[in-house]
Structure formats: structure tokens, C-alpha cells
Amino acid sequence: MTEIDSVVSESAVRAAREVRVVVGRLRRRFRETYDTEGLTPSQTSVLSRISKEGPASTSDLAAAERVRPQSMAATLAVLVERGLVQRRPDPGDGRRQLLSVSEAGQVYLEDKRRAGEEWLARSLQDHYTEDERQTVIEALALLDRLTRQ
């Protein structure tokens, strides 16, 4: 028995394991549904982060992604080269550069999200009953509460 097993109920431990496994599988399936244009998962993560959180410096992104600034610089170089991210001077500190998602980057992210949603909607329509889909919606509302704690 692990330490976590002795602190929380068996059902909570099982639910945690199942959620982790299913979320991992869903993430892999989402990745399979769109053309990544040769982007690595870390490049896609950085592009998505900039889109959600707004312009950021290389060092800010490195800290947020928990990687070395040199590694982040290499990741960003690919995104800039492909036209998905653009650099501009920081208005508050002209020595720093801020990176933001370009129009092409926004289109890429929107296409990726749309492809994933279309795959999931089609799968839910084709393989689940209306009652099962309602159960999924209810379960997701419960899981969403985890993100608000």
C-alpha cells in the first residue's frame, strides 16, 4: 500500500488513476487529429501558451514551461521561422523582445482546435447514446470543479 492509498479512499485513488490515464489518451488522440506541420509537442505547447496568456519574453516562457532559456530560444526560433510567432520590442523595456502569435499562428491553432472538436463530436455522436453523452457532460462538470479548487 502506498502512502496515498492510506490517506484517501480506494475509490478516490482509482478515480485519480483513471482520470490521468483517460486524459492522457484523449490528449494523444487530439494530437493525431490534426496536421502538426512538423511541430513538436513542446513547440505546440509554447504556441498555445502565448495565444492564451499573451505576449511574453523568452525568459518568461522558459520559466512557465520549466525549461532552460537556451532550450526555449531554440523552440521559439522554429516558431518564428515558420511564421507562427512574431517578435517585437517590449514597450516597457526596449532591450527585451516580446513574442506574440502571428495571424498564421492563430489560424493554425484554430484549425487544430476545430479538428479536435470535430473528431470528438463525431465520435460521441457515432458511439454513444444521448444518455451516455449527458453522463459525459455531467462527469466533466464534476471534473471541472477540480480546476477551481
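Just so you know, these numbers come straight off a predicted model, no measurement behind them. (Residues numbered from 1 in each chain as written. Predicted model: local features only at pLDDT ≥ 70, side-chain atom pairs only at ≥ 80, totals over all residues. Heavy atoms only, no water.)

When its secondary structure is counted, the protein shows 7 helices and 2 strands. Mapped in sequence order, the helices and strands of the protein form the string α-α-α-α-α-β-β-α-α. Over its C-alpha trace the protein gives a radius of gyration of 19 Å, far above what one expects of a compact globule, namely 15 Å for 149 residues. Each principal axis of the C-alpha distribution contributes one length, and for the protein these read about 55 × 40 × 25 Å. Carbon and sulfur atoms make up 52% of the accessible area of the protein, which totals about 10700 Å². (Helix = DSSP H or I, 4+ residues; strand = E, 2+ residues; numbered from the N terminus. Rg over C-alpha atoms; globule rule 2.2 N^0.38 Å. Areas by Shrake-Rupley, 256 points an atom, 1.4 Å probe, with all protein chains shown as cover.)

Another point: the pairing of strand β2 (residues 93–101). Pairing geometry for strand β1 (residues 85–90) and β2, over 6 bridges, is antiparallel. Bridge pairing in β2 links Arg 87 to Leu 99. Taken together, β1 and the strand that follows it, β2, pair antiparallel across an intervening segment of 2 residues. (Pairing = 2+ DSSP bridges.)

Attention now moves to the confidence of the model for the protein. Averaged over all residues, the pLDDT of the protein is 91; the fraction at 70 or higher stands at 94%. Per-element mean pLDDT across the protein ranges from 65 in helix α1 (residues 3–7) up to 96 in helix α5 (residues 69–81). (pLDDT = per-residue confidence, 0-100.)

A cluster of nonpolar side chains, namely Val 19, Val 23, Val 136, Leu 140, Leu 143 and Leu 146, defines an oily patch on the protein surface of about 450 Å² accessible area. No other element matches the 4 residues that helix α7 (residues 130–147) contributes to the nonpolar patch. Within the fold, Leu 140 resides in helix α7. (Patch = residues over 30% accessible without salt bridge, like charges linked within 9 Å, V, L, I, M, F, W, Y side chains within 5 Å. Salt bridge = Lys/Arg side-chain N within 4 Å of Asp/Glu carboxyl O.)

With phi around 60°, Arg 66 is a residue other than glycine that occupies positive phi space. Relative to the elements of secondary structure, Arg 66 occurs in the loop between α4 (58–65) and α5. Exposure remark for Arg 66: the relative accessible area of 75% places this residue in the exposed category. (Buried < 20%, exposed > 50% of the residue type's maximum accessible area, 1.4 Å probe, protein only.)

The next point concerns the pattern of salt bridges. All told, the structure shown has 10 salt bridges when counted by the stated rule. In this structure, Arg 133 engages Glu 130 in a salt bridge whose closest nitrogen and oxygen atoms are separated by 2.9 Å. Placement of the pair is Arg 133 and Glu 130 together in helix α7, with a separation of 3 residues, close to one helical turn. Here Arg 133 falls in the buried class, since its relative accessible area comes to 17%. Close ionic contact of Arg 148 with Asp 144 constitutes a salt bridge, the shortest N to O distance being 2.5 Å. For Asp 144, a relative accessible area of 31% corresponds to the partly exposed category. Several salt bridges converge on common partners, so that one network encompasses Arg 49, Glu 53 and Glu 65.

Looking at α4, one finds that the buried residues are Leu 61, Ala 62 and Glu 65. Seen along its axis, α4 keeps its buried residues to an arc of 100°; they face one direction. Residues of α4 that are buried sit in contact with α3 (41–53), α5 and β2. At the exit of α4 stands Arg 66, carrying a positive phi of roughly 60°. (Arc of directions from axis to C-beta. Contact = heavy atoms within 4.5 Å.)

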